[in-house]
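Below, each chain spelled out in residue letters.
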Amino acid sequence: MPENPFITRETWRKDKVTYGIPDAVIKVSFGEEIQKLYDKYEKAGLKGPMTLKKVPAARELIKAGNKLIDDFLVGLKSEKIAKKVKNKDGAVKRLEMYRSWLDGLERACKGAVDIFAGPRHNYSKCVTLLSDAKKDPTDAKALQDLYSQGMRNHLGAVFHEALTTYKGGVARVTELLKDYEETLKKWHASMQGAGPSTIAKDPVKRTAFVEDMEAALKMGKEILDLTV
């Protein structure tokens, strides 16, 4: 996602040429309206890390941007307009890409409101990865995915940052964040390079690894439950 999730009128003019989009798809000029939102984003000072203070203004722009895109897509797909578009599928995908940038801004807003928003969203993915690893702990890739994608990325990245940013005041959460960090740190060196294959071939090590990841996942669940 670019720094400013809205495009300029000039960018839209180029898109119209590339995809053969006619004028008057909707009652207003998409280029002019999206430029206004681009300018408002700049004027509101929303660049850089999202903060609680920025969220209201950001969400107001997200709402306006999504409505503009929705209206344009309805017009673009209408029988009257669709037959005039040189590359309708390409144009639709382009608009959906712009919508994805607004989705990215909304995720940033959620993260500002709730620092554990990411792990809440990704927790079920970790449950699935743990289940896959438990089904066949001799599968080195399943172990690697559980550790790297799941416990370190989906949950651990935010939990690591929360060691210094969490200000909720719940002592148990702080304790769990430290325990989670130590549990993953215990396996960091072993999961590098050919490490997962070595662990997968060793019944004792793979059992210990899976048990530790399961324990860490329970810690994660408790952290999320305590910070709702």
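What counts and what doesn't
Residues numbered from 1 in each chain as written. Predicted model: local features only at pLDDT ≥ 70, side-chain atom pairs only at ≥ 80, totals over all residues. Heavy atoms only, no water. Helix = DSSP H or I, 4+ residues; strand = E, 2+ residues; numbered from the N terminus. Buried < 20%, exposed > 50% of the residue type's maximum accessible area, 1.4 Å probe, protein only. Contact = heavy atoms within 4.5 Å. Areas by Shrake-Rupley, 256 points an atom, 1.4 Å probe, with all protein chains shown as cover. Lys, Arg positive; Asp, Glu negative; His and termini not counted. Charge placed at Lys NZ, Arg CZ, Asp CG, Glu CD. Salt bridge = Lys/Arg side-chain N within 4 Å of Asp/Glu carboxyl O. Polar contact = N/O pair within 3.5 Å; in protein donor to acceptor, adjacent residues only side chain to side chain. Axes fitted to C-alpha atoms, helices over the stretch in contact; angles between N-to-C directions. Parallel < 35°, antiparallel > 145°, perpendicular 65-115°, else oblique. Left-handed = near helix turned anticlockwise from the far one by under 90°. 1 Å grid on protein atoms, 1.4 Å probe; cavity = no way out; pocket = protein on both sides within 12 Å on 5 of 7 lines; lining within 4 Å. Points joined across faces, edges and corners; volume = space filled by probe spheres on them. Nonpolar A, V, L, I, M, F, W, Y, C, P; charged D, E, K, R; others polar.

Section: the overall build of the chain
Here is step 1 of the chain: Of regular secondary structure, the chain possesses ten helices and zero strands.
Here is step 2 of the chain: For the chain, the α and β elements follow one another from N to C terminus as α-α-α-α-α-α-α-α-α-α.
Here is step 3 of the chain: Counting all 228 residues of the chain, 43% fall into the buried class.
Here is step 4 of the chain: Relative to all contacts within the chain whose residues are 6 or more apart in sequence, the contacts with residues 24 or more apart total 74%.
Here is step 5 of the chain: Accessible surface for the chain amounts to roughly 12,800 Å². Of this, 53% is attributable to carbon and sulfur atoms.
Here is step 6 of the chain: Of the side chains in the chain, 41 bear a positive and 32 a negative charge, and the two mean positions are spaced by 5 Å.

Some points on the side chain of Arg-206
Here is step 1 of the chain: Note on placement: Arg-206 falls in helix α10 (residues 203–226).
Here is step 2 of the chain: Look at Arg-206: it is buried, it has no salt bridge, and the nearest opposite charge is Asp-202 at 6.9 Å.
Here is step 3 of the chain: A polar atom in the side chain of Arg-206 sits 2.7 Å from the backbone oxygen of Ala-200.
Here is step 4 of the chain: Residue contacts for Arg-206: discarding those within four places in its chain leaves Pro-137, Thr-138, Ile-199, Ala-200 and Lys-201.

Considering the packing of helix α6 (residues 117–135) against α10
Here is step 1 of the chain: The contact between α6 and α10 brings their axes to 11 Å, and the two run at 160°. It follows that α6 is roughly antiparallel to α10 by the angle criterion. When the axes of α6 and α10 are compared, the crossing they make is left-handed. Residues Pro-119, Arg-120, Tyr-123, Cys-126, Val-127, Leu-130 and Lys-134 of α6 lie in contact with α10, whose contacting residues are Val-210, Glu-214, Leu-217, Lys-221 and Leu-224.

Section: unusual backbone geometry
Here is step 1 of the chain: Phi at Ala-24 is positive, roughly 60°, even though this residue is not glycine.
Here is step 2 of the chain: Position of Ala-24 among the secondary structure elements: in the loop between α1 (9–19) and α2 (30–43).

Digging into the pattern of salt bridges
Here is step 1 of the chain: The full count for this structure, using the stated rule, is 17 salt bridges.
Here is step 2 of the chain: Between Glu-182 and Lys-185 there is a salt bridge; the shortest N-O distance is 3.4 Å. With Glu-182 and Lys-185 both in helix α8 (residues 171–188) and three residues apart, this pair spans about one turn of that helix.
Here is step 3 of the chain: Glu-182 gets classed as partly exposed once you look at its relative accessible area, which sits at 46%.
Here is step 4 of the chain: Across the pair Asp-225 and Lys-221 runs a salt bridge whose closest N-O atoms are separated by 2.9 Å. Residue Asp-225 and its partner Lys-221 are located together in helix α10, separated by four residues, close to a single helical turn.

Digging into empty space enclosed by the protein
Here is step 1 of the chain: All told, the structure shown has one cavity of 30 Å³ or more when counted by the stated rule.
Here is step 2 of the chain: Taken as a whole, the largest cavity holds about 50 Å³ of empty space.
Here is step 3 of the chain: Lining of the largest cavity is provided by Pro-5, Phe-6, Ile-7, Phe-30, Ile-34, Ile-69, Tyr-98 and Leu-102.
Here is step 4 of the chain: The set of elements that each furnish at least two residues to the lining of the largest cavity consists of α2 and α5 (88–113).
Here is step 5 of the chain: Of the residues that constitute the lining of the largest cavity, the class distribution is eight nonpolar, no polar and no charged.

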